[in-house]
Amino acid sequence: MKALPLSELPTGQWGRVVSLKARGMARCRLLDLGLVPDTPVQAVRRSPLGDPTAYRIRGALIALRREEAGQVLVTPL
Amino acid sequence: MFYVSGINTAPPEAGPGVVNEAHQLEIRDRIVKTIYREAEAIAARVVRQTGPHRDWEHKVDDILTSRLLGFPIMFLLLGLAFWITLVGANYPSQLLAKALFWGEERLSEVFVRLDAPPWLHGLVVTGVYRTAAWVVSVMLPPMAIFFSIFALLEDLGYLPRVAFNIDPLFKMAGTQGKQALTMSMGFGCNAAGVMACRIIESPRERLIAILTNNFVPCNGRFPTLIALTSIFVGPAAAPGFSSLAASFTVVGLILAGILITLLTSWLLSRTILKGVPTTFTLELPPLRLPQVGRVLVRSVLDRTLFVLARAVTVAAPAGAVVWLLANISFEGQSLLARGAGLLEPFGRALGLDGFILLAFILGLPANEIVLPILLMGYLSAGTMVEVDSLNVLQNILVHGHGWTWLTALCTMLFSLLHFPCGTTLFTIQRETKSIRWAVWAAVIPLAVAGLVCFAVAQTVRSLGLV
């Protein structure tokens, strides 16, 4: 299936991390959150104003802005 | 026993020779991946998960951050917190004041029996003891209640949801939602709020959060805001709704503070702290029912008594200094009155008066003592009155010194927006390792407070509303 940015993943849906587009500090931060390739991620809910979005990553609920989530490529599951 | 291999991998920089960027990336990714694989293996061995994710948590979270209800719930909870504080603090405050002023009489008797000179009695009893007693009786009950409510919301896991809801607004202002968390800490104490700014990774956004933290009223300023709204807003509302009206006026002031925070942040990120908002990652910890007993004990012991002790240690010597200023006369006028006279034109322009402005300046060591200083100033000419109820306070302000609702509004706005206390400024100097930023942290709010009060006072006066 075609990979899409994590920010495009509809809420409630699961995806699997393919790769990270971010470089430098941003990449480190995403890796620190556990967003390494093959990790399953679920888009859980959006903030009332549409951004950021909360994602379930390895059991934790983490909010990411569109800019950061867009740096993560996932395949929907 | 097992061997944790991934953690022992040396960082790529430690290796010899030059590696190109792509290669470096790959090594880094592999390190992290190995660490996570190891962590997963350990977790699989030791962590046992019972049942699926709790359903109620998901539902509650959906409501707390819903498009329709997310923001109204935030404001209602804030309003409710103040309403409980206002209603609950009233009676214990009066009781405490009675007890402490009873103690003052006993203390006076001791001085009389020892045949102490009047100046010593004045300095110790009406200066130090009365100021400290005021701070305790006015601060302790609301603080104990408000801190407890806040600690319960914290324990519930609600505060990160606030940051989650409100992040887009801060993003527009050039910063990020974690600033909302540091602001929540600021409700307790701005010095604590400034220290909490360490959670913001970007140095630029951290500085903005530090410089604007004082726009949320700290615990030292709540009593002032609450007392003034109770006097000037409560009676104006329909009977039975006075405390409700007063609490939502305080919420209105806080919303004004948040608006000013956003505007100032926006201005700062376009001028002296130029830059674009950086990354924002925020963990939303699982919601859980607060452990009420433990939270209450911890909040009273760790926060309430701690802040109170600090306030009293500052208020007591400040009380002595102010008493001296009120009682040392120069050419027939006390130093306090002379100072107020000098400040009178500036005070008038801001909708205040000279004594109010002087009280804010002398209150620099701690915001808690602004109102006591003001009263000492107002009463320094005549006899000292025991201010043990809001009625007496109202009498002094309205009938004694011609306060109108505009005076009250401008005093509250100035209290909300003016320079932070000495402790906070000192903390800012320590956190930023720069005296320059500490000076900015005093100058920016002072300018904002002056501008807002001036604009409000002049508008209201030119419209002939007072």
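Each value, and the rule that gives it
Residues numbered from 1 in each chain as written. Chains lettered and ligands numbered in written order. Predicted model: local features only at pLDDT ≥ 70, side-chain atom pairs only at ≥ 80, totals over all residues. Heavy atoms only, no water. Salt bridge = Lys/Arg side-chain N within 4 Å of Asp/Glu carboxyl O. Helix = DSSP H or I, 4+ residues; strand = E, 2+ residues; numbered from the N terminus. Buried < 20%, exposed > 50% of the residue type's maximum accessible area, 1.4 Å probe, protein only. Contact = heavy atoms within 4.5 Å. Buried area = accessible area lost by both parts, 1.4 Å probe. Polar contact = N/O pair within 3.5 Å; in protein donor to acceptor, adjacent residues only side chain to side chain. Nonpolar A, V, L, I, M, F, W, Y, C, P; charged D, E, K, R; others polar. Pairing = 2+ DSSP bridges. Phe/Tyr/Trp six-rings, centres within 6.5 Å; stacked < 30°, edge-to-face > 60°. Lys NZ or Arg CZ within 6 Å of the ring centre and 35° of its normal. UniProt positions renumbered as here; feature names shortened; annotations may be inferred. Domains from an automatic or database assignment.

*Asks:* Whenever I open this one, the pattern of salt bridges confuses me. Can you help?
*Replies:* Following the criterion strictly, the structure yields 18 salt bridges over all chains and no others. Of the charged contacts, one joins K171(B) and E67(A) as a salt bridge, the two residues approaching to 2.9 Å between their closest N and O atoms. Note that K171(B) is positioned in helix α5 (residues 158-172) and E67(A) in helix α2 (residues 66-69), a pairing that runs across two chains. When its relative accessible area of 42% is taken as the criterion, E67(A) is described as partly exposed. Between E205(B) and R204(B) there is a salt bridge, and its shortest N-O distance comes to 3.5 Å.

*Asks:* Is there a simple way to explain the interface of chain A and chain B in this structure?
*Replies:* Interfaces are often described in size by the accessible area the parts lose on coming together. Listed as interface residues are 33 residues of chain A and, on the opposing side, 36 residues of chain B. In total, about 2,900 Å² of surface goes out of reach between chain A and chain B, with carbon and sulfur atoms giving 57% of it. For the pair chain A and chain B, the interface holds 7 salt bridges. Salt-bridge contacts for D62(B) lead to R45(A); the nearest nitrogen and oxygen are separated by 3.0 Å. Joining chain A to chain B, the criterion identifies 16 residue pairs in polar contact (both at pLDDT 80 or more). Secondary structure elements with two or more residues in the side of chain A that touches chain B: α1 (24-32), β3 (40-46), β4 (53-57), β5 (60-64) and α2 of chain A. No other element matches the 6 residues that α1(A) contributes to the side of chain A that touches chain B. The residue inventory of the side of chain A that touches chain B, partitioned by class, reads 16 nonpolar, 4 polar and 13 charged. With 3 bridges connecting them, β5(A) and strand β1 (residues 281-283) of chain B associate as antiparallel partners.

*Asks:* In this structure, what is going on with the packing of aromatic side chains? I would like to understand it.
*Replies:* A ring pair, where both rings are aromatic, is described by two values, the distance of the centres and the angle of the planes. Residues and elements named next belong to chain B. Evaluation of the coordinates by the stated rule reveals 10 aromatic pairs over all chains. Geometrically, the ring pair formed by F82 and F222 is tilted, given 5.1 Å between the ring centres and 50 degrees between the ring planes. Placement of F82 in helix α3 (residues 70-113) and of F222 in helix α9 (residues 222-232) is noted, with a sequence separation of 140 residues between them. The pair formed by F82 and F222 is uniform in burial state, with each residue classed as buried. On the basis of an interplanar angle of 25 degrees and a centroid distance of 6.1 Å, the ring pair of F232 and W403 is categorised as stacked. Remark: W403 occurs in the loop between α15 (390-401) and α16 (405-417) and F232 occurs in helix α9; sequence separation between them is 171 residues. A connected cluster of aromatic rings, assembled from ring pairs, spans F82, F146, F150, F187 and F222. The ring of W437 has R436 sitting right over it, with the charged end atom 4.9 Å from the ring centre.

*Asks:* For this particular structure, what's the right way to read the environment of V276(B)?
*Replies:* Residues and elements named next belong to chain B. Along the chain, V276 falls in the loop between α10 (242-268) and β1. Residue V276 is classed as exposed on the basis of its relative accessible area of 63%. Separated by 103 residues in the primary sequence, V276 and A173 place their C-alpha atoms 9.6 Å from one another. The residues contacting V276, other than those within four sequence positions of it, are R204 and E205.

*Asks:* Is there a simple way to think about the pairing of strand β2 (residues 14-20) of chain A in this case?
*Replies:* The side chains of a regular strand alternate between the sheet's two faces. All names here are of chain A. As paired elements, β2 and β3 share 3 bridges and run antiparallel to each other. Across the sheet, the residue bridging to W14 is Q42, located in β3. Relative to strand β6 (residues 72-76), β2 runs antiparallel, the two sharing 5 bridges. Opposite L20, over in β6, you have V72 as the bridge partner.

*Asks:* Hey, could you run me through the UniProt feature "transmembrane region" (unreviewed entry) in chain B in this one?
*Replies:* All names here are of chain B. Summarizing the sequence annotation, UniProt attributes the feature "transmembrane region" (unreviewed entry) to residues 68-91, 132-153, 222-238, 244-268, 304-326, 405-426 and 438-457 in the numbering used throughout. The distance separating the terminal C-alpha atoms of residues 68-91 is 37 Å; by composition the span is 92% helix and 0% strand. Helix makes up 82% of residues 405-426 and strand 0%, with an end-to-end C-alpha separation of 34 Å.

*Asks:* Could you clarify how one ought to interpret the UniProt feature "domain: Ferrous iron transporter FeoA-like" (unreviewed entry) in chain A in this entry?
*Replies:* According to UniProt, the "domain: Ferrous iron transporter FeoA-like" (unreviewed entry) feature falls on residues 4-76 of chain A. Helix makes up 18% of residues 4-76 of chain A and strand 42%, with an end-to-end C-alpha separation of 8 Å.

*Asks:* What am I meant to see in the environment of P285(B) here?
*Replies:* Residue and element names in this part refer to chain B. Within the fold, P285 resides in the loop between β1 and α11 (292-327). A relative accessible area of 28% places P285 in the partly exposed class. With sequence-adjacent residues up to four places away left out, P285 is seen in contact with P160 and R161.

*Asks:* Is there a simple way to think about the UniProt feature "domain: Nucleoside transporter/FeoB GTPase Gate" (unreviewed entry) in chain B in this case?
*Replies:* In the numbering used here, UniProt assigns the "domain: Nucleoside transporter/FeoB GTPase Gate" (unreviewed entry) feature to residues 137-231 and 309-432 of chain B. Between the C-alpha atoms that bound residues 137-231 of chain B there is a distance of 17 Å. The span itself is 77% helix and 0% strand.

*Asks:* I tried to follow the side chain of Q42(A) on my own but got confused; where do I start?
*Replies:* All names here are of chain A. In this structure, Q42 sits in strand β3. A polar atom in the side chain of Q42 sits 3.2 Å from the backbone oxygen of G12. When residues no more than four places from it in sequence are discounted, the contact partners of Q42 are G12, Q13, W14, A54, Y55 and R56.

*Asks:* Just checking my understanding: could you explain the domain arrangement of chain B for this structure?
*Replies:* All names here are of chain B. By the assigned domains, chain B splits into domain 1 (6-63) and domain 2 (70-462). In this complex, domain 1 contributes 6 residues to the contact, which on the side of domain 2 involves 7 residues. Both sides of the domain 1 and domain 2 interface together cover about 490 Å² of buried area, and 59% of this is carbon and sulfur. The closest approach of N and O atoms between R161 and D61, which form a salt bridge, is 2.8 Å. Where domain 1 packs against domain 2, one counts 1 residue pair in polar contact (both at pLDDT 80 or more). Counted by class, the side of domain 1 that touches domain 2 contains 3 nonpolar, no polar and 3 charged residues.

*Asks:* I'm lost on unusual backbone geometry in this one. Help?
*Replies:* It is generally the case that most residues other than glycine have a negative phi and that most peptide bonds are trans. The omega torsion of the bond from D51(A) to P52(A) falls at 0 degrees, within 30 degrees of zero and hence cis. Its place among the elements puts P52(A) in the loop between β3 and β4. The phi dihedral of D38(A) falls on the positive side, at around 80 degrees, and the residue is not glycine. If you check the backbone angles, D115(B) has positive phi at about 60 degrees while not being a glycine. Relative to the assigned elements, D115(B) resides in the loop between α3 and α4 (118-156).

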